[in-house]
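Residue-level structure breakdown
Here is how the chains run, residue by residue.
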Amino acid sequence: MTIMSKSCAERCNLLHLLDERWQGIAKGVGQSRILGRVHQAPVKVGDKHLPCAITVLEQDDMEFLFGLDNLRRYQCNIDLQVRGSNPTQTTKRRKEKSF
């Protein structure tokens, strides 16, 4: 799940796109209130713009987490030896983005 804090969503001007029908509670290591979901947020990774569904949480301790849902959707390869991610392109040309 790709998540974003409410304060980050405010700074990115995404709150007007928030679908509040997706409200609930996120549970895991801790728990946080889910304020809703932005279904098609434009996320820029390197020089690519990727439309992503983002769940917005009330908690502000984590700004943004690019989830496994979008990593799989865009076929990202994460190479921990070089500390970078690599969204694949259909032309087999790859572009790395360090983190």
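Everything discussed here concerns the structure shown above.
In this report, we go over the structure that sits alongside the text. (Residues numbered from 1 in each chain as written. Predicted model: local features only at pLDDT ≥ 70, side-chain atom pairs only at ≥ 80, totals over all residues. Heavy atoms only, no water.)

Here we take up the pattern of salt bridges. Under the defined criterion, the tally for this structure stands at 3 salt bridges. Residue Glu-58 is joined to Arg-33 by a salt bridge in which the shortest nitrogen-to-oxygen separation is 3.0 Å. On the criterion of sequence distance, the pair formed by Glu-58 in the loop between β4 (48-57) and β5 (64-65) and Arg-33 in strand β3 (residues 31-45) is long-range, its members being 25 residues apart. Exposure remark for Glu-58: the relative accessible area of 39% places this residue in the partly exposed category. (Salt bridge = Lys/Arg side-chain N within 4 Å of Asp/Glu carboxyl O. Helix = DSSP H or I, 4+ residues; strand = E, 2+ residues; numbered from the N terminus. Buried < 20%, exposed > 50% of the residue type's maximum accessible area, 1.4 Å probe, protein only.)

What follows is about the packing of aromatic side chains. Enumeration over the complete set of coordinates arrives at 1 aromatic pair. Here the aromatic rings of Phe-64 and Phe-66 are separated by 6.3 Å at their centres, their planes lie at 40°, and the arrangement is tilted. By relative accessible area, which is 30% here, Phe-64 ends up partly exposed. Here Arg-37 stacks its cationic end above the ring of Trp-22, 4.6 Å away from the centre of that ring. (Phe/Tyr/Trp six-rings, centres within 6.5 Å; stacked < 30°, edge-to-face > 60°. Lys NZ or Arg CZ within 6 Å of the ring centre and 35° of its normal.)

Mapping Ser-7 onto the fold places it in helix α1 (residues 6-11). Those residues in contact with Ser-7 that sit more than four places away from it in its chain are Asp-60 and Glu-63. (Contact = heavy atoms within 4.5 Å.)

Quick look at the environment of Ile-25 now. Tracing the chain through its elements places Ile-25 in strand β2 (residues 24-27). Take Ile-25: its relative accessible area is 48%, and that puts it in the partly exposed class. Filtering out sequence-adjacent residues up to four positions away, Ile-25 remains in contact with Gln-31, Ser-32, Arg-33 and Ile-34.

Reading across from one edge, β2-β3-β4-β1-β5 is the order of the 5 strands in this open sheet, with mixed pairing throughout. This sheet does not close on itself; its edge strands, each paired only once, are β2 and β5. (Pairing = 2+ DSSP bridges.)

In this structure, Met-4, Leu-14, Val-38, Cys-52, Ile-54 and Val-56 are the most contacted members of the largest nonpolar core, which totals 17 residues. Those elements giving two or more residues to this core turn out to be α1, β3 and β4. For this core, the element with the most residues is β3, which contributes 5 residues. In this structure, Cys-52 is in contact with Val-38, His-39, Gln-40, Ala-41, Val-43, Phe-66, Asn-70, Arg-73 and Tyr-74, ignoring residues within four places of it in sequence. (Core = buried A, V, L, I, M, F, W, Y, C linked by side-chain atoms within 4.5 Å.)

The next subject is the pairing of β2. As paired elements, β2 and β3 share 4 bridges and run antiparallel to each other. In the sheet register, Ile-25 faces β3, and the bridge partner there is Arg-33. Two successive antiparallel strands, β2 and β3, enclose a turn made up of 3 residues.

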